[in-house]
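# Descriptive structure summary
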Amino acid sequence: MLAIGSDHGGYALKQAVMKHLSERGIEYRDFGTYSEESCDYPDFGEAVGRAVASGECERGIVICGTGIGISIAANKVRGVRCALCGDCFSAEMTRRHNDANVLAMGARVLGEGLALKIVDTFLDTGFDGGRHARRIAKLAEIEQRG
Ligand code: RB5
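Residues numbered from 1 in each chain as written. Predicted model: local features only at pLDDT ≥ 70, side-chain atom pairs only at ≥ 80, totals over all residues. Heavy atoms only, no water.

Our focus in this paragraph is the site of the ligand. Near the ligand you find Asp7, His8, Tyr41, Cys64, Gly65, Thr66, Gly69 and Arg108, and these make up its full shell. In the environment of the ligand, an oxygen atom lies 2.7 Å from a nitrogen or oxygen atom belonging to the backbone of glycine 65. Threonine 66 is positioned with one of its backbone polar atoms (N or O) 2.9 Å from an oxygen atom of the ligand. Protein contact buries 71% of the 290 Å² of open area that the ligand shows by itself. Grouping the amino acids of the shell around the ligand by side-chain chemistry returns 2 nonpolar, 4 polar and 2 charged. (Near = heavy atom within 4 Å. Polar contact = N/O pair within 3.5 Å; in protein donor to acceptor, adjacent residues only side chain to side chain. Areas by Shrake-Rupley, 256 points an atom, 1.4 Å probe, with all protein chains shown as cover. Nonpolar A, V, L, I, M, F, W, Y, C, P; charged D, E, K, R; others polar.)

Scanning all chains against the criterion turns up 0 aromatic pairs. Its end group placed over the ring of phenylalanine 122, arginine 59 keeps NZ or CZ at 5.6 Å from the ring centre. The ring centre of phenylalanine 122 lies 6.0 Å from the NZ or CZ of arginine 95, which sits over that ring. (Phe/Tyr/Trp six-rings, centres within 6.5 Å; stacked < 30°, edge-to-face > 60°. Lys NZ or Arg CZ within 6 Å of the ring centre and 35° of its normal.)

The next thing to look at is the layout of surface pockets. One number sums up the size of the largest pocket: a volume of about 160 Å³. In terms of lining residues, the largest pocket is bounded by Asn75, Gly79, Val80, Arg81, Ile136, Leu139, Ala140 and Glu143. With 4 residues, the single largest contributor to the lining of the largest pocket is helix α6 (residues 131–145). Counted by class, the lining of the largest pocket contains 4 nonpolar, 2 polar and 2 charged residues. (1 Å grid on protein atoms, 1.4 Å probe; cavity = no way out; pocket = protein on both sides within 12 Å on 5 of 7 lines; lining within 4 Å. Points joined across faces, edges and corners; volume = space filled by probe spheres on them. Helix = DSSP H or I, 4+ residues; strand = E, 2+ residues; numbered from the N terminus.)

Next up on the list: the pairing of strand β5 (residues 102–106). Buried residues dominate β5, accounting for 5 of its 5 residues. As paired elements, strand β3 (residues 59–64) and β5 share 5 bridges and run parallel to each other. Bridging from a neighbouring strand, isoleucine 61 pairs with leucine 103 of β5. When strand β4 (residues 82–84) meets β5, the two strands line up parallel, connected through 3 bridges. (Buried < 20%, exposed > 50% of the residue type's maximum accessible area, 1.4 Å probe, protein only. Pairing = 2+ DSSP bridges.)

In structure tokens, the structure reads:
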């Protein structure tokens, strides 16, 4: 199960991403927002982050205008490794090296075609493990230190 969320700035792209996920047969849960009415991105970044951190969802996708605010919000949740990606190379490498569990995108930055390719790359790439696992453990240690 995939968690997905956006603010009003990311609403239209989120609709396109959900259609794409359905066409691929990927199950998702939409944590809002549910219209283009102005709202606050931290609410949706947190909701998706908590769904992933709790194990309710394996991975998440968050979208706002730039992708920046909602990625910061998701990363405030312990256990979340949210990566803001604007290209497929970054989406591949953040899965392989950072084991990113949430993808953030900026709807006012990316065209829909590129955004969907980034989603596919993020979903279809695995974690390399090895030395990268040690580095991810250090990220968790930083969280513990607060
Ligand atoms: C909303 O206007 C905008 O600030 C938001 O979507 C996002 O870009 C924040 O980082």
